[in-house]
Amino acid sequence: MPASLKIKALTKSIWVFHLACSPCNNCDIEILDVLTPRYDVERFGIQLVGSVRHADALLVTGMVGRKVVDRVKRIYEQAPKPCVVIAVGGCACSEGIFRDSYNACGPLDKIIPVNAYIPGCPPKPEAIIMSVVKLIKALKGEK
Amino acid sequence: MNYKGATGVHRNNTEKTSVKFCEILWLNYRTLCQFSGYNMKLLFEFVIFPGFIFTALAGMIVSWIDRKVTARVQWRQGPPFLQPLYDFVKLLGKETIVPLSANSLVFLLAPLLAIAATTVASLILWKAIINPQSLFVGDLIVVIYLLALTPIAVILGASSSGNPIASLAASREMKLYLSYELPFIFSILVPVVKLQTIKLGEIITSQQLSGVVFNSFSGAVAFIVFLLTIQAKLGLVPFDMAEAETEIAGGVFIEYSGVPLAIHKLNRIMLLFVIPVFAAVLFFGGKLWSIIAVLVLIILIRNTNPRVRIDQAVKFFWRSCLIFSVFAIVLALIGY
């Protein structure tokens, strides 16, 4: 299959898997807000899936604690490639207020490769959608 | 996006290497072509019209209608028209992963079995609609068996994947199948009893001559039972507990990715088209408006109900639906 068709189909139908790595759940609630009828991301072909094997994008929230660091790696390896990783929230981007915690192993990009960062504590649904749009543009090679 | 092994975890710890699934398909296609020299028409009918490609495209349109209506019911915009095609093409381009614990032969062949059975079922139904004289006596029974192959293939694929959640989902699918199949067949028996034939072509022609089965009292009761059982056969809400994304994470399809997942999803989409056609043939004599009516009813049931537990579903099918379908057969036998 030609790579351009692959990328076009991928950007038209992104199935996201929601991966919570010891978050405080605020980012998770905002992610669920994005998926509600008010924001209606199914317009862009974005769907929440239950299994990581179906995923095209991993939405990772939370500072990565000692307990989950192995699981994050393993889940990233289980996702079929091509697959993008999006760090949602201040904790996943830069550990936020947990920076000096004894339990913090993050930030996320030390553990798995990250394609997009969404700062905010928690980021607004509009910010999440904007970052997904920017990510789609980057995948297509546009500025 | 080439991060293979970037995390230092060996990929081989969790999964075997990717299988070139497309190559297997291509080989099959070439062998098929070599045999087709003497029977080009049959191949055309199986592959293009009214077989695989026609059913897949019609199923994609039907699936888009389903998603669009669902979106409108939820007061939102919904996906674009080509969305099912984008999903399918995207899945074809993804990596195919076979878990280390899986029986890879059964795991990869199960979706092919399902889609082949659905294609043949669609072929038989459309041939009966286009030319009622063309088929053999007993094709109705063949269609029933072919439609039963999809849940069997899904159960096989899920239980060969070696995932505990998939085996839980396979057991749910099995229980669901055992519970809905008997009312399903009993409700099909009503048109058979009323029209005194098991040939699909004769079912269509005699309904065109002497009024549709649905207009009689027993036919209406049987149609309601049929509508409820096909909801379970299609794996839609309220009977989607085998797939249940929110509780068992995709259930029967949890370990599937890439091309096999694409085939499984395409099979579901094709069934969403084939089964309303089957209902239209049995209860309305194969009229076009009745296919759309059955589809609208399916979508409305799906959008106005919550998911039930598996024990509730078994109780529902074995008590209410079975009693009503037997009642409908008795009514048909005494001439109502």
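Described below are features of the structure shown in this document. This one's a predicted model, so the numbers in the text were calculated from it and none came from an experiment. (Residues numbered from 1 in each chain as written. Chains lettered and ligands numbered in written order. Predicted model: local features only at pLDDT ≥ 70, side-chain atom pairs only at ≥ 80, totals over all residues.)

### Some details on the overall build of chain B
Okay, step 1: From N to C terminus, chain B includes 13 helices and zero strands.
Okay, step 2: Relative to its full complement of 336 residues, chain B shows a buried share of 46%.
Okay, step 3: For chain B, restricting intrachain contacts to residue pairs at least 6 apart in sequence, the fraction spanning at least 24 positions comes to 78%. (Helix = DSSP H or I, 4+ residues; strand = E, 2+ residues; numbered from the N terminus. Buried ≥ 20, exposed ≤ 12 C-beta atoms within 10 Å, placed from the backbone. Contact = placed C-beta atoms within 7 Å.)

### Examining the interface of chain A and chain B
Okay, step 1: Chain A puts 28 residues into the contact, and the matching count from chain B is 35 residues.
Okay, step 2: Counting only elements with at least two residues in the side of chain A that touches chain B, the list comes to α1 (3–12) and α3 (69–78) of chain A.
Okay, step 3: Partitioning the side of chain A that touches chain B into residue classes produces twelve nonpolar, six polar and ten charged. (Nonpolar A, V, L, I, M, F, W, Y, C, P; charged D, E, K, R; others polar.)

### Structural notes on the packing of helix α3 (residues 52–73) of chain B against helix α11 (residues 258–284) of chain B
Between two packed helices, both the angle of their axes relative to each other and the distance between the axes serve to describe the pair.
All names here are of chain B.
Okay, step 1: Packing of α3 against α11 brings their axes to within 8 Å, and their N-to-C directions diverge by 85°. Considering the angle they form, α3 stands roughly perpendicular to α11. Residues Thr55, Ala56, Ala58, Gly59, Met60, Val62, Ser63 and Asp66 of α3 form the contact with α11, whose participating residues are Leu266, Ile269, Met270, Leu272, Phe273 and Val274.
Okay, step 2: For the contact of α3 with α11, a count of residues per class yields ten nonpolar, three polar and one charged. (Axes fitted to C-alpha atoms, helices over the stretch in contact; angles between N-to-C directions. Parallel < 35°, antiparallel > 145°, perpendicular 65-115°, else oblique.)

### Re the nonpolar core
Okay, step 1: Grouped together as the largest cluster of nonpolar side chains are 99 residues, with contacts concentrated most on Leu125, Val274, Phe278, Ala279 and Val281 of chain B.
Okay, step 2: Among the elements that line this core, the one with the most residues is α11 of chain B, at 20 residues.
Okay, step 3: With near-sequence residues (within four places) excluded, phenylalanine 278 of chain B lies in contact with Leu125 and Val143 of chain B.
Okay, step 4: In this structure, Trp15, Val60, Val84 and Cys105 of chain A belong to the second largest nonpolar core, which totals 42 residues. (Core = buried A, V, L, I, M, F, W, Y, C linked by C-beta atoms within 7 Å.)

### Observations concerning the sheet that holds strand β4 (residues 84–88) of chain A
All names here are of chain A.
Okay, step 1: Strand order in the open sheet formed by five strands is β2-β1-β3-β4-β5, with parallel pairing between adjacent strands. Lying at the two open borders of the sheet, with one neighbouring strand each, are β2 (47–48) and β5 (116–118).
Okay, step 2: Helix α5 (residues 125–140) rests against β4 and β5 of the sheet, and its axis sits at about 165° to β5. (Pairing = 2+ DSSP bridges.)

So far we have only geometry, and geometry alone does not tell us how the molecule works.
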